[in-house]
Amino acid sequence: MTAVVADRIESAAHAYSVAAQLASDFAVGAAARDRGRELPFAEVDRLASSGLLAITVPAAFGGADLPPSAVAEVVRILAAADPNIAQIPHSHFVYLNLLRLAGTADQQARYFGQVLAGARIANAQSERGTATVADIATTVRPVGDRFRIDGVKFYCTGSLFADLLAVLTRLDDPEGSSGLPAGEYIAYLPADTPGVRIIDDWNGIGQRTTGSGTIEFVGVSVEPDQLIARSAAVHAPTGYGAYAQLLHAAIDTGIARGALRAATEFVRSTSRPWFESGVDRAIDDPLLIQRFGELSVAVTAAEATLTAAGVAVDAAVSAAESVAAASLAVATAKVLGDRAANEVSAALFEVGGTRSAAADLNLHHFWRNARTHTLHDPVRWKFQHIGRSLLHDTAPPLHGVI
């Protein structure tokens, strides 16, 4: 495990304060890291040692047990500074939630304890070449009294920084020798397990430093107690999907706020007024003032909707109240966050003028990050679920992606 000494976060207010301090520091080098694709190892070490990665560990295991809304706010704060760093622990929190929902007491004690000590979890979930993103070809099959994993995963965000990998697999046991029910399982295994090869080959136009490369699994041996059945979380009204999507919406909303800050600073310090405006400073141009007002409304609406969605997810996971309503609230937040992130990061150049397009400034990293991250879980399907709920009284599906 990565050698860090993790602090303990005691409350949501404490978490926000720590996140704000880290964000202030992370923002300074964000554009340069993106330009040179400098992976943020030191920054992720600081994130782990801050204790923020353990804020969802249940109180029974020594954690702060903060609700989804608090995690979303931490992620939003970090994303406004560097959305790459904010996305790296997304799966970390998702798979801690799976552990809470479906893990045994022994598994919870083991992995929650490691996270309290500073461990980081990354996903090995997505695949290429299958009929859809929901189809899983990576198998886990019984071999004697153990299991073997074989397959290839892509877009494994955070894997270069991880101590543990959460590997989505499909049980391949036609004879039933394992005694496990058919279905999908998450294998929690150390990143340095023999047979695991983590490849730094992520080349997206945005989110360039998230460590979202490929992982190969060849004859990887795992113990039965490293496996957790996914069905208990995904195929039941647990709020599992809403929680995961809430954090994605927080990243998009944070990107929007970060882009608006950058646009404001650039226009205040660098932009010249258009000659027809009749003013001496760009910030006094009435058309620019109007546009900034519009952009501010878009960002503020996304933030307010994210907050409302967080409250709904809190209720769903703590009291099993209206999981469907929580999913729809998150879908709404996802739509507005997507719109704000893409609109504001593009409008930065509209309001900044020609100088803002200079390559050395790298202001386009806001747009590239927004365009890349918002490709997660298309919002066109969010509209579908929202519309069906209104017209047909149909609850959104329990597939973990809404």
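Scope of this entry: the structure provided in the associated data block. (Residues numbered from 1 in each chain as written. Predicted model: local features only at pLDDT ≥ 70, side-chain atom pairs only at ≥ 80, totals over all residues. Heavy atoms only, no water.)

Bringing the side chain of Glu303 into the picture now. Secondary-structure assignment places Glu303 in helix α10 (residues 286–319). Every residue in contact with Glu303, bar those within four places of it in the chain, is listed here: Arg76, Thr253 and Arg257. (Helix = DSSP H or I, 4+ residues; strand = E, 2+ residues; numbered from the N terminus. Contact = heavy atoms within 4.5 Å.)

To continue, consider the pattern of salt bridges. Summed over all chains, the structure comprises 22 salt bridges. With a shortest N-O distance of 2.3 Å, Asp45 and Arg120 are connected by a salt bridge. Note that Asp45 is positioned in helix α3 (residues 41–49) and Arg120 in the loop between α7 (105–116) and β1 (121–124), a separation of 75 residues in sequence. Of the residues examined, Asp45 reaches a relative accessible area of 30% and is grouped as partly exposed. Here Arg120 falls in the buried class, since its relative accessible area comes to 7%. (Salt bridge = Lys/Arg side-chain N within 4 Å of Asp/Glu carboxyl O. Buried < 20%, exposed > 50% of the residue type's maximum accessible area, 1.4 Å probe, protein only.)

It is worth spelling out the environment of Ala309 at this point. Here Ala309 is to be found in helix α10. Through-space distance from the C-alpha of Ala309 to that of Thr332 is 8.0 Å; in sequence the pair is 23 residues apart. Ignoring sequence-local partners within four residues, the contact set of Ala309 consists of Leu246, Ala329, Val330 and Ala333.

For α7, with 12 residues, the first-to-last C-alpha span of 16 Å sits near the 16 Å given by 1.5 Å per residue. What α7 keeps buried is the set Gln107, Gln108, Tyr111, Phe112, Val115 and Leu116. The buried residues of α7 all sit within an arc of 150° when viewed along its axis, so they share a single face. Next to the buried residues of α7 lie α6 (90–102), β1, β4 (164–171), β5 (184–190) and β8 (227–229). (Expected span 1.5 Å × (residues − 1). Arc of directions from axis to C-beta.)

Quick look at helix α12 (residues 365–373) now. With respect to burial, α12 is a largely interior element, seven of its nine residues being buried. Every buried residue of α12 is listed here: His365, Phe366, Arg368, Asn369, Ala370, Thr372 and His373. Contacts from the buried residues of α12 go to α2 (30–36), α5 (83–87), α9 (240–269) and α11 (323–352).

Running from N to C, α9 and α12 cross one another at 165°; their axes reach a closest spacing of 10 Å. Here α9 is positioned roughly antiparallel relative to α12, judged by the angle of their axes. Seen along the crossing, α9 lies across α12 with a hand that is left-handed. Contacts from His248, Ile251, Asp252, Ile255, Gly258, Ala259 and Ala262 in α9 reach Phe366, Asn369, Ala370 and His373 in α12. Grouping the constituent residues of the contact of α9 with α12 by class yields six nonpolar, four polar and one charged. (Axes fitted to C-alpha atoms, helices over the stretch in contact; angles between N-to-C directions. Parallel < 35°, antiparallel > 145°, perpendicular 65-115°, else oblique. Left-handed = near helix turned anticlockwise from the far one by under 90°. Nonpolar A, V, L, I, M, F, W, Y, C, P; charged D, E, K, R; others polar.)

Right, let's talk about the packing of aromatic side chains for a bit. Enumeration over the complete set of coordinates arrives at five aromatic pairs. A ring pair is formed by Tyr155 and Trp202, whose centres lie 6.2 Å apart and whose planes are at 85°; its orientation type is edge-to-face. With Tyr155 in strand β3 (residues 146–156) and Trp202 in the loop between β6 (196–199) and β7 (213–222), this pair connects stretches of sequence that are 47 residues apart. Given a relative accessible area of 18%, Trp202 falls into the buried group. The interplanar angle of 50° and the centroid separation of 4.7 Å between the aromatic rings of Trp274 and Phe275 together place this pair among those described as tilted. Overall, the relative accessible area of 53% leaves Trp274 in the exposed class. The exposure class assigned to Phe275 is exposed, which follows from its relative accessible area of 64%. (Phe/Tyr/Trp six-rings, centres within 6.5 Å; stacked < 30°, edge-to-face > 60°.)

Before going further, it helps to spend a moment on the packing of helix α4 (residues 68–81) against α10. In contact at an axis separation of 7 Å, α4 and α10 are set at 150° when each is read in the N-to-C sense. Seen from α4, the contacting residues are Pro68, Ser69 and Arg76; seen from α10, they are Glu303, Leu306, Gly310, Val311, Val313, Asp314 and Val317. For the contact of α4 with α10, the per-class residue count stands at five nonpolar, two polar and three charged.

What follows is about the side chain of Asp163. Looking at the element boundaries, Asp163 is found in the loop between β3 and β4. One buried charged residue, Asp163, remains without a salt bridge, the closest side chain of opposite sign being Arg120 at 4.2 Å. Among the polar contacts made by the side chain of Asp163, one reaches the main-chain amide nitrogen of Arg120 at a distance of 2.9 Å. (Lys, Arg positive; Asp, Glu negative; His and termini not counted. Polar contact = N/O pair within 3.5 Å; in protein donor to acceptor, adjacent residues only side chain to side chain.)

A volume near 1400 Å³ is recorded for the largest pocket. Lining the largest pocket we find 41 residues, and of these Gln125, Ser126, Val133, Asp377 and Val401 sit closest to its centre. For the lining of the largest pocket, the secondary structure elements donating two or more residues are α6, α9 and α13 (379–392). Of the residues contributing to the lining of the largest pocket, the split by class is 17 nonpolar, 18 polar and six charged. (1 Å grid on protein atoms, 1.4 Å probe; cavity = no way out; pocket = protein on both sides within 12 Å on 5 of 7 lines; lining within 4 Å. Points joined across faces, edges and corners; volume = space filled by probe spheres on them.)

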